[in-house]
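Single-letter residue listing:
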Amino acid sequence: MIASTFFKQKQKTIKNEISFSGIGLHSGKKSQVTIKPSEVNSGINFFRTDVSDLKKNALIMALWHNVSSTTLSTTISNGDVSVSTIEHLMSALSGMHIDNALILIDGPEIPIMDGSSKPFIELFENAGLVKQDEHRKILKVIKEVEVSNGDSLVKILPSNYFSIDFEIVFDSHLINSQSCQLQLINGNYKSDVASARTFGFEKDVQKLREKGYALGGSLENAVVVGDNNILNKGGLRFKDEFVRHKILDSIGDLYLAGYPVQGYFSGKKSGHYLNNQLLNKLLSDHSNFEII
């Protein structure tokens, strides 16, 4: 999507309210979510409806500086309350070009659904989208910004489009190294990214659960990689589903910039932590970007 087309787009919200429920991947706890239309320039906001203490602020803006944890998922917090595993929903909001929405949730973690953002895309399509009376504001990258940690690296460069590439390397002959490059134009998020599921290794499940993670994980909501085969009955949705899911995650994390990003994002063996560090470095210096 070239800059001029990007700039001419109107802001969008959902036409009709959406409700769904499910269990959290890590907490294993069920929660109910309702997504409501929201006014122009309000952005994406989460509200914990289960918080009865009037001294606590239940509203959390979905912004990079509110990220409080990046361990195995992205969590945002306002200091009083938090919502975790928001990245798949944020990715779907970005992919559908939804600028404004209020997300009500009665628990601490967004339901994992099937492990991808496809269920959210379908809910948004069924609800319908409406254009609003103001143009989208776009975060245009002006300078290259890079952050790294060991052999993990992410960077973002100036571009006329929003493009993304990713490379992963795992010590598993079922994955090995995978790379994928996508230019997100003409609605191809839905066909090329949305249905890629989160994944993990059978050998790690017990250790994760002992640490309080993956308590809601199952073959219904994650690709599980065994020593010699994929444990899910239907196999993979893409031959490179693993790296496509990393792209899905990164799109969700980047939407915490508060605006659609016009730039070229590249990631190598990285995850939620470096995605947030990249936004921190990018947005902490106004010479790196402009809002158009």
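See the structure printed just above.
Numbering of residues begins from 1 in every chain and follows the order in which that chain's sequence is written. Thresholds applied to this predicted model are a pLDDT of at least 70 for local features of residues and 80 or more for the giving and counting of side-chain atom pairs; totals over whole chains, interfaces and linings are not thresholded and use all residues. Hydrogens and waters are ignored; side-chain quantities use all the structure's heavy atoms.

## With respect to helix 3 (residues 118-127)
Burial classification: accessible surface area is computed with a 1.4 Å probe over protein chains only, and a residue below 20% of its type maximum counts as buried, one above 50% as exposed, and the rest as partly exposed. Strands here are runs of E lasting at least two residues and helices are runs of H or I lasting at least four, both read from the DSSP assignment and numbered beginning at the N terminus. Of the positions making up helix 3, those classed as buried are Pro119, Phe120, Ile121, Phe124 and Ala127. Buried-residue contacts for helix 3 involve strand 1 (10-14), strand 2 (18-23), strand 3 (30-37), helix 2 (87-95), strand 10 (129-135) and helix 4 (188-192). Backbone geometry just downstream of helix 3 places Gly128 in the positive-phi region, at approximately 85°. Residue contacts are counted whenever heavy atoms from the two residues lie within 4.5 Å of one another.

## Observations regarding the layout of surface pockets
Rolled over the atoms, a probe as big as a water molecule pinpoints where empty space is left. Taken as a whole, the largest pocket spans an internal volume of roughly 970 Å³. The method works on a 1 Å grid over the protein atoms by themselves. A cavity is a set of points holding a 1.4 Å probe that cannot get out, a pocket is an open set with protein on both sides within 12 Å along at least five of seven lines, and residues with an atom within 4 Å of a point line them. Lining the largest pocket are 40 residues, with Leu72, Thr198, Phe199, Gly200 and Lys246 positioned closest to its centre. For the lining of the largest pocket, the secondary structure elements donating two or more residues are helix 2, strand 14 (163-169), strand 16 (199-201), helix 5 (205-210), strand 17 (223-225), helix 6 (241-254) and helix 7 (272-283). Among the elements that line the lining of the largest pocket, the one with the most residues is helix 6, at five residues. The classification used treats Ala, Val, Leu, Ile, Met, Phe, Trp, Tyr, Cys and Pro as nonpolar, Asp, Glu, Lys and Arg as charged, and all other residues, Gly among them, as polar. When the residues that make up the lining of the largest pocket are grouped by side-chain class, the tally is 17 nonpolar, 16 polar and seven charged. Grid points are joined across faces, edges and corners, and a volume is the space filled by probe spheres set on the points.

## Some remarks on the pattern of salt bridges
For this analysis, a salt bridge means a side-chain nitrogen from Lys or Arg found within 4 Å of a carboxyl oxygen belonging to Asp or Glu. Scanning the entire structure with this criterion turns up eleven salt bridges. A salt bridge links Glu290 to Lys140; the nearest nitrogen and oxygen atoms lie 4.0 Å apart. With a gap of 150 residues between them, Glu290 in strand 20 (residues 289-291) and Lys140 in strand 11 (residues 139-141) connect regions that are remote in the sequence. For Asp204, the salt bridge goes to Lys203, with nearest N and O atoms at 3.4 Å. Take Lys203: its relative accessible area is 55%, and that puts it in the exposed class.

## Considering the sheet that holds strand 6 (residues 67-69)
At least two DSSP bridges between two strands are required for those strands to pair. Judged by pairing direction, the sheet is antiparallel, and its three strands sit side by side in the order 6-7-8 without closing on themselves. Of all strands in the sheet, those bounded by a partner on one side alone are strand 6 and strand 8 (82-83). In this structure, strand 7 (residues 75-77) lies alongside strand 8, joined through two bridges in antiparallel fashion. Following the sheet pairing, Ile76 is matched in strand 8 by Val83.

## Some details on unusual backbone geometry
With a phi angle near 55°, Asn176 is a residue other than glycine that sits in the positive phi range. Tracing the sequence through the fold places Asn176 in the loop between strand 14 and strand 15 (177-183).

That is the geometry; function is a separate question.
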